[in-house]
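Structure at a glance
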Amino acid sequence: MAKRQTTKLSNQIIVRMDDETKEAFMNKAKAEGKTASELIMGWIRSYMAEELQGTPDLAKMQADLENLKQQVATLQNEYLGKLAA
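Residues numbered from 1 in each chain as written. Predicted model: local features only at pLDDT ≥ 70, side-chain atom pairs only at ≥ 80, totals over all residues. Heavy atoms only, no water.

1. Points about the overall build of the protein chain
Within the protein chain one finds three helices and zero strands. Here the protein chain has a C-alpha radius of gyration of 27 Å; the compact-globule value for 85 residues is 12 Å, and the former is much larger. Taking all 85 residues of the protein chain together, 4% fall into the buried category. For the protein chain, the exposed surface amounts to about 8,700 Å²; the carbon and sulfur share of it is 56%. With 12 positive and 12 negative side-chain charges, the protein chain shows a separation of 9 Å between the mean positions of the two kinds. (Helix = DSSP H or I, 4+ residues; strand = E, 2+ residues; numbered from the N terminus. Rg over C-alpha atoms; globule rule 2.2 N^0.38 Å. Buried < 20%, exposed > 50% of the residue type's maximum accessible area, 1.4 Å probe, protein only. Areas by Shrake-Rupley, 256 points an atom, 1.4 Å probe, with all protein chains shown as cover. Lys, Arg positive; Asp, Glu negative; His and termini not counted. Charge placed at Lys NZ, Arg CZ, Asp CG, Glu CD.)

Okay, structure coming up:
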């Protein structure tokens, strides 16, 4: 039988909220078959993924900009050539 690896989670983030909000949140999570921890960890992972995706690739942006400059120059030359004809 394969041994199941589990990581013991001991770190905590404490969120303070009023009792009404906590109860409504816990009830909704339970109704969806989820735990508060599952939902919060999902939100944290999603947030972290957004941060990683949000970092621009400056080298790619520079290459794209140079490509666009060349395309604009080509179109401009074609347009000016047609005007002169």
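So that's the structure; there's more coming.
2. Structural notes on the packing of aromatic side chains
This model, assessed by the stated rule, comprises one aromatic pair. Taken together, a centroid distance of 6.0 Å and an interplanar angle of 45° make the contact between Phe 25 and Trp 43 tilted. On the criterion of sequence distance, the pair formed by Phe 25 in helix 1 (residues 19-31) and Trp 43 in helix 2 (residues 36-54) is long-range, its members being 18 residues apart. (Phe/Tyr/Trp six-rings, centres within 6.5 Å; stacked < 30°, edge-to-face > 60°.)

3. Topic: the environment of Arg 16
Among the structural elements, Arg 16 can be located in the segment before helix 1. Assessed through its relative accessible area of 76%, Arg 16 is described here as exposed. Along the chain, Arg 16 and Gly 33 lie 17 residues apart, while their C-alpha atoms are 23 Å from each other.

4. Quick look at the confidence of the model for the protein chain
With 91% of its residues at a pLDDT of 70 or more, the protein chain has an overall mean of 87. The lowest-confidence element of the protein chain is helix 2, averaging 86 in pLDDT; the highest-confidence one is helix 1, averaging 96. (pLDDT = per-residue confidence, 0-100.)

5. Describing helix 3 (residues 58-84)
With 27 residues, helix 3 extends 39 Å between its outermost C-alpha atoms, agreeing within 8% with the 39 Å of an ideal straight helix rising 1.5 Å per residue. By the N-cap criterion, in which a side-chain oxygen at the helix start approaches the backbone nitrogen of a residue two or three places on, helix 3 is capped by Asp 57, the distance to Ala 59 being 3.3 Å. (Expected span 1.5 Å × (residues − 1). Polar contact = N/O pair within 3.5 Å; in protein donor to acceptor, adjacent residues only side chain to side chain.)

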